[in-house]
Amino acid sequence: MTSMHASLLATAVALALSAAAPTLLAADAQPWMNKARTSTQRTELLLQAMTQEEKLLLVFGYASGDQLAQVDASVIPGVNAKEVITKVIPGSAGYIPGIPRLGLPAQFQADASIGVRNPYLERTSLPSSLATAASWDSRVTEAGGRMIGLEARLSGFNIMLAGGVNLAREAQNGRNFEYTGEDPLLAAEMGAGLIRGVQANHIISTVKHYLINAQETGRNIVSAQISEPALRMSDALAFELAIEKSSPGSVMCSYNRINDVYACQNDKWQNQVLKRDWGYKGYVMSDWGAVHSTVQDANGGLDQQSGFPFDKVAHFGKPLKEAIDDGSVPQARLDDMVRRILWAMFDKGVVDHPLGDAKTAGAIANAIDYAAHAKISQQAAEQSLVLLKNEAGVLPLSPDAMPKRVAIIGSYADKAVLAGGGSAVVTPIGGNAVPGLGPGGWLTQVWQPSSPMKALQKLLPATQFAFDAGTDVAAASKAAAAADVAIVFVHQWTAESLDAPSLSLDGNQDAVVSAVAKANPNAVVVVESGGAILMPWAKDVKAILAAFYPGANGGEAIARLLTGAVNPSGRLPLTFPASTDQLVRPQIGGKSEGPLFTVRYTEGAAVGYKWFDLHGHKPLYAFGHGLSYTSFELGGLAASQAKGQVTVKFSVKNSGNREGASVGQVYVSAPQSAKWEAPRRLVGFDKLALKPGQTGTSAVTIDPRLLATFDEATGEWVIAPGSYEVQLGAGSDDIRATAKLSLTGRRFTSAQLRR
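Nothing here was measured: the structure is a model prediction, and the numbers come from that model.

Caption draft 1: Fine view of unusual backbone geometry. Along the chain, D111 connects to A112 via a cis peptide bond; the corresponding omega equals 0°. Tracing the chain through its elements places A112 in the loop between strand 3 (107-110) and helix 5 (129-133). With a phi close to 55°, S411 is a non-glycine residue in the positive phi region. Mapping S411 onto the fold places it in the loop between strand 13 (405-409) and strand 14 (417-418). Note on S411: relative accessible area 6%, which makes it buried. One non-glycine residue, F548, lies in the positive phi region at around 50°.

Okay, here's the thing in structure tokens:
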């Protein structure tokens, strides 16, 4: 960071903290500050005390950056835009002014799901959300959320734009790394853990991007076409469950259209489904640049326009005031918008825990224990990396069977590990280890300065390591031939606004792996990617480790798994296809610019492994797959029901000679009369850490929506009567036990489940 930026940041954060501290008056003058009252009661009291101008302040948000200097303050009632510039934290996501008269703090917004994103702030990065979803353990994502939420608070932020749970419908989606897999239950559980962790710091987290934002190509002009039942049982179900499990203060609506209506003005999905059917109490904020009108968006359920001037028109500024004055937007609608924002600020602790504890930006930065936070990130990676293949026990590279010479090849493994690009990328502690790559600007590739090679050298000090850049096939082959073991690091960089051009690795990486496999019988591949990739060399190498984007201490985590200091326990959160012919759409459609276009999601709710099951495709590596250095026996499966609630119990025994963790995965297959979208669904899972010879037991309660289909005509979930099969597996393709379950017919609504 330059001295100018540091000075600017220090000044801005100090001003932000000062502005955020509420002016406390006597309790009787500000009854909404009484913590003994409920969030709803406090909200109503404060709402009654607000002027119209103050209400309008809360529904309009600013971006940071030079764009604000061009804003005409006259379009925004009650605010001088030039004054706002002095309060916005440079490089942050955005800002909403506070109201000191009422003790209401300003809102300072930070991206994103894996850490505090800011080009001027070096902060700790978690592994990508897809990576931590591979832990199949919400305790991992919750611990990570607590860490990045604390860094956000100590950096002067009280809102974090975290919690992406969009399903991985498109294998090439550039933002799959920000999301939590292809199954609605897994995505919800993992996303909810992160949100709970973030909000434990008395800040608001979003859940995003609502709804069916499945590709980056043409994200502003694409219409996602899908039936309501299919959407309710897939992408919408992930959001519904995540919201119930974490109560995020805000929902961020997406760029795309849903059945021809823009998400941020979609009455069906914002008013009728989210707020009415699901009973959501928080507010809907727009993604930066996703607002297209004043009246339609306000009446369609959008509560806060975010990130102006990313939207070219300040729709919720002067135009909203005029729309309320002429009645095209009812006064009651503005009151509801403000009510929802206030409720979130009270309920998540933003009002009661102002950002006024630290006095200077320096004090804030010094309060962060970066070493401890890097360890949290490392532990998350260690729980999440997936061992896909381990032939002939080539791994672990333990001191007991120490190779004398190891060749490390490719992907800057002597320096760093890769991160995904866009608004989720975190500026690393120590800076970008491999600068100057990628398209540039906000899409510059970021490499976390955590070297797998250096970490391996520390763990295996008696082994000789040699590095080859992997840019030349012949040189890589020669390096591999001179070693006892050759470890090839391959990578696929993906980013917001850019879908992957294909699932094949860039450049000559596939050729390098093939050459190394021919030159060395002990070839190991470590994959750093934003999602699934094709592996034409999979049969030729001895071992494959899927690292995804492993975070701030990813190099250390990779080394500890390769050497056996940590036993791999990650399981795939999405399917790795054997070829693109197995995908619903072998290529993402549309263009980034031009006329509006449509993508028809003809697979409906049959996303990921469900599509593969439905069509009998054998993937390269299945959803839920993952190996260990020990072995597990799964059994004792029993399913029971009481008062309409189904519970599944099972046992897991560590039958090997090493401590390790297993993920028991429960699937259910329905009778044909149920008319499910696919032969089976994931309905529950549990991760157990066990010592050698130890047996653990699990009890999983099945959400009834996972056993039902959605009836659009009545708005009800419907469980068909009949005999169901409960399956216990170590992966979706590795079923170890089955049991029968007889269910009676049942109809219910989501609202009835909340009672």
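Caption draft 2: Fine view of the state of the cysteines. Under the defined criterion, the tally for this structure stands at one disulfide. For C253, the disulfide goes to C264, at an S-S distance of 2.0 Å. On the S-S bond that ties C253 to C264, the torsion sits near 100°, and the link is right-handed. With C253 in strand 7 (residues 250-253) and C264 in the loop between strand 9 (261-262) and helix 10 (267-277), this pair connects stretches of sequence that are 11 residues apart. On the basis of relative accessible area, C264 is assigned to the buried category, the value being 0%.

Caption draft 3: Fine view of the side chain of S250. Structurally, S250 is set in strand 7. What makes S250 buried here is its relative accessible area of 0%. Setting aside anything within four residues of it in sequence, one finds S250 in contact with I204, S205, T206, V207, Y280, Y283 and M285.

Caption draft 4: Looking closely at the sheet that holds strand 20 (residues 597-600). Pairing within the open sheet is mixed, and its four strands lie in the order 9-8-6-20. The open sheet has two edge strands with one neighbour each: strand 9 and strand 20. Inspection of the sheet shows strand 6 (residues 222-225) paired to strand 20 by four bridges, in the parallel sense. Following the sheet pairing, V222 is matched in strand 20 by F597.

Caption draft 5: Summary view of helix 9 (residues 235-246). Spanning 12 residues, helix 9 covers 17 Å between terminal C-alpha atoms, matching the ideal 16 Å at 1.5 Å per step. Burial runs high along helix 9: 10 of the 12 residues are buried. Looking only at helix 9, the buried set comprises D235, A236, L237, A238, F239, E240, L241, A242, I243 and S246. Directly after helix 9, the chain includes S247, whose backbone phi takes a positive value near 50°.

Caption draft 6: Up close: the nonpolar core. Residues M50, Y210, L211, L320, L682, L707 and Y724 are the most contacted members of the largest nonpolar core, which totals 150 residues. Among the elements that line this core, the one with the most residues is helix 13 (residues 331-347), at nine residues. Formed by 35 residues, the second largest nonpolar core is a distinct cluster that contains A486, V527, W537 and Y621.

Caption draft 7: Structural context of the sheet that holds strand 24 (residues 680-690). Reading across from one edge, 24-23-28-29 is the order of the four strands in this open sheet, with antiparallel pairing throughout. The open sheet has two edge strands with one neighbour each: strand 24 and strand 29 (734-743). Ignoring strand direction, the axes of neighbouring strands in this sheet form an average angle of 20°. With 10 bridges joining them, strand 23 (residues 660-669) and strand 24 adopt antiparallel strand pairing. From the neighbouring strand, G660 faces strand 24, where its bridge partner is L690.

Caption draft 8: Structural context of the packing of aromatic side chains. This structure, assessed with the given rule, holds 13 aromatic pairs. When the centroid spacing of 5.3 Å and the interplanar angle of 50° are considered together, the rings of W136 and F623 count as tilted. You can see W136 sitting in the loop between helix 5 and helix 6 (138-154) and its partner F623 sitting in the loop between helix 20 (609-615) and strand 21 (632-642), a full 487 residues away along the chain. Looking at W136, the relative accessible area reads 1%, which means it is buried. Ring geometry for F177 against Y549: centres 5.5 Å apart, planes inclined by 70°, an arrangement best described as edge-to-face. Separated by 372 residues along the polypeptide, F177 in the loop between strand 4 (159-160) and helix 7 (184-199) and Y549 in the loop between strand 19 (543-546) and helix 19 (554-563) bring together distant segments of the chain. The exposure classification of F177 matches that of Y549, with both residues buried. Cation over ring: R169 sits above Y601, and NZ or CZ is 5.2 Å from the ring centre. When the ring centre of Y667 is taken as reference, the NZ or CZ atom of R680 above it lies at 5.4 Å.

About the criteria used
- Residues numbered from 1 in each chain as written.
- Predicted model: local features only at pLDDT ≥ 70, side-chain atom pairs only at ≥ 80, totals over all residues.
- Heavy atoms only, no water.
- Helix = DSSP H or I, 4+ residues; strand = E, 2+ residues; numbered from the N terminus.
- Buried < 20%, exposed > 50% of the residue type's maximum accessible area, 1.4 Å probe, protein only.
- Disulfide = S-S within 2.5 Å.
- Contact = heavy atoms within 4.5 Å.
- Pairing = 2+ DSSP bridges.
- Expected span 1.5 Å × (residues − 1).
- Core = buried A, V, L, I, M, F, W, Y, C linked by side-chain atoms within 4.5 Å.
- Axes fitted to C-alpha atoms, helices over the stretch in contact; angles between N-to-C directions.
- Phe/Tyr/Trp six-rings, centres within 6.5 Å; stacked < 30°, edge-to-face > 60°.
- Lys NZ or Arg CZ within 6 Å of the ring centre and 35° of its normal.

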